[in-house]
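Structural overview for review
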Amino acid sequence: MSSPVLSIENLSIDYLAETTVHAVREVSLTLERGEILGLAGESGCGKSTLAYAITRLLKPPARVTSGRVVFSSREGYDVDLSGLAGDDLRAFRWDKIAMVFQGAMNSLNPVLRISEQLEDVYLTHRPELTKAERRIRCGELLERVGVDRNRLRAYPHELSGGMRQRVMIAMALALEPQVLIMDEPTTALDVVVQREILLEITRLRAELGFAVIFITHDLPLLLEISDRIAVMRAGLIVELDDALTLYTKPKHPYTRRLLSSFPSLTGERGGFVRSGDLASVELDETEQTIEAVEMESR
Ligand SMILES: Nc1ncnc2c1ncn2[C@@H]1O[C@H](COP(=O)(O)OP(=O)(O)OP(=O)(O)O)[C@@H](O)[C@H]1O
């Protein structure tokens, strides 16, 4: 039985620049509770615009010209996101829908310790917690994303890129949102760290039950982690199917072209992130060294 947590209905977004750009065109899709929905498509097809629209972060010259986004809570009520403003919108963003964007790791404040930045989320959104309770939660949060809690005292520059991005994911998960929007969250990281973080996200999703919209142009990666994949082209969703069907029986010529542009897809792929069996992946010597360094510094 389907149980959507997010429904995008007939959403269109224009950029009113010198010439009007129809960045998103009549997109309708639902995100099921607890699923990972991959959103693929080449640069400029409208993926980020869609993500920003869902989280109500679009700025002029962007304009929503039609449609709406509806959040269906676990508790059984629906919220039309276009109706939210001010504090309600801000609270909603952290509490129900959280985001991790590309390069988010660079948005940590360089002069504040990780603890202060994580605690700040609780201070703002959970003011009833005592200082001791906040500390405990921050430690738990960090460990949940695979970073030792003694790193709470660190400044961002003392952490690797992978660790900083994990901190951003921890921050997004702080209030246990029901939806996580991830726009190229690991693109800036090397491939081993990227895979570890993806593994963590799929684990956390199983543990906490949030749904994910995962945006990337990296289709092989989406095939590994997504339940369903939507393929976007020139503002339109041209195909939407479960990952296996999309891979084995792509219907749209553009999906076929996108698949064939990744030669690595001709090999056998797909099992290890989902099964959590990272050890079964054979790493070459360089990758092993990178992994060892990462493990040590964690
Ligand atoms: N501020 C803006 N003003 C005018 N046009 C814009 C603006 N931002 C984006 N666009 C246009 O909207 C379209 C969709 O852009 P968007 O960034 O959503 O694509 P994308 O698929 O996320 O690309 P990428 O993978 O490169 O991030 C593109 O044609 C882009 O040029």
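Reading the values: rules and limits
- Residues numbered from 1 in each chain as written.
- Predicted model: local features only at pLDDT ≥ 70, side-chain atom pairs only at ≥ 80, totals over all residues.
- UniProt positions renumbered as here; feature names shortened; annotations may be inferred.
- Helix = DSSP H or I, 4+ residues; strand = E, 2+ residues; numbered from the N terminus.
- Pairing = 2+ DSSP bridges.
- Axes fitted to C-alpha atoms, helices over the stretch in contact; angles between N-to-C directions.
- Contact = placed C-beta atoms within 7 Å.
- Core = buried A, V, L, I, M, F, W, Y, C linked by C-beta atoms within 7 Å.
- Buried ≥ 20, exposed ≤ 12 C-beta atoms within 10 Å, placed from the backbone.

**Considerations on the UniProt feature "domain: ABC transporter" (unreviewed entry) in the chain**
According to UniProt, the "domain: ABC transporter" (unreviewed entry) feature falls on residues 6–259. Summarising residues 6–259: 37% helix, 28% strand, and an end-to-end C-alpha distance of 27 Å.

**Topic: the sheet that holds strand 1 (residues 4–16)**
With antiparallel pairing, the four strands of this open sheet are ordered in space as 2-1-4-5. One side of each edge strand has no neighbouring strand; the edge strands of this open sheet are strand 2 (20–32) and strand 5 (78–80). Ignoring strand direction, the axes of neighbouring strands in this sheet form an average angle of 5 degrees. In terms of strand pairing, strand 1 meets strand 4 (residues 62–72) through eight bridges, oriented antiparallel. Counted as the bridge partner of Ile13 is Val64 from strand 4. Of the strands in this sheet, strand 1, strand 2 and strand 4 touch helix 1 (residues 47–54), which is tilted by about 65 degrees from strand 2.

**Section: the nonpolar core**
Counting 78 residues, the largest nonpolar core has Ala53, Val100, Ala170, Ala172, Val212, Ile213 and Phe214 as its most contacted members. When residues in this core are grouped by element, the largest group, eight residues, is from helix 5 (residues 161–173). Not counting the four nearest positions on each side in its chain, Ala172 is found in contact with Ala98, Met99, Val100 and Leu180.

**Side note on the pairing of strand 9 (residues 228–233)**
Of all six residues in strand 9, five are buried; the element is thus mostly enclosed. Two strands pair when backbone bridges link them, and strand 9 and strand 10 (residues 236–242) are joined in this way by six bridges, in the antiparallel orientation. Residue pairing for strand 10: Arg233 is matched across the bridge by Leu236. The turn joining strand 9 and strand 10, which pair antiparallel and follow one another in sequence, is formed by two residues; a positive phi near 45 degrees is taken by Ala234.

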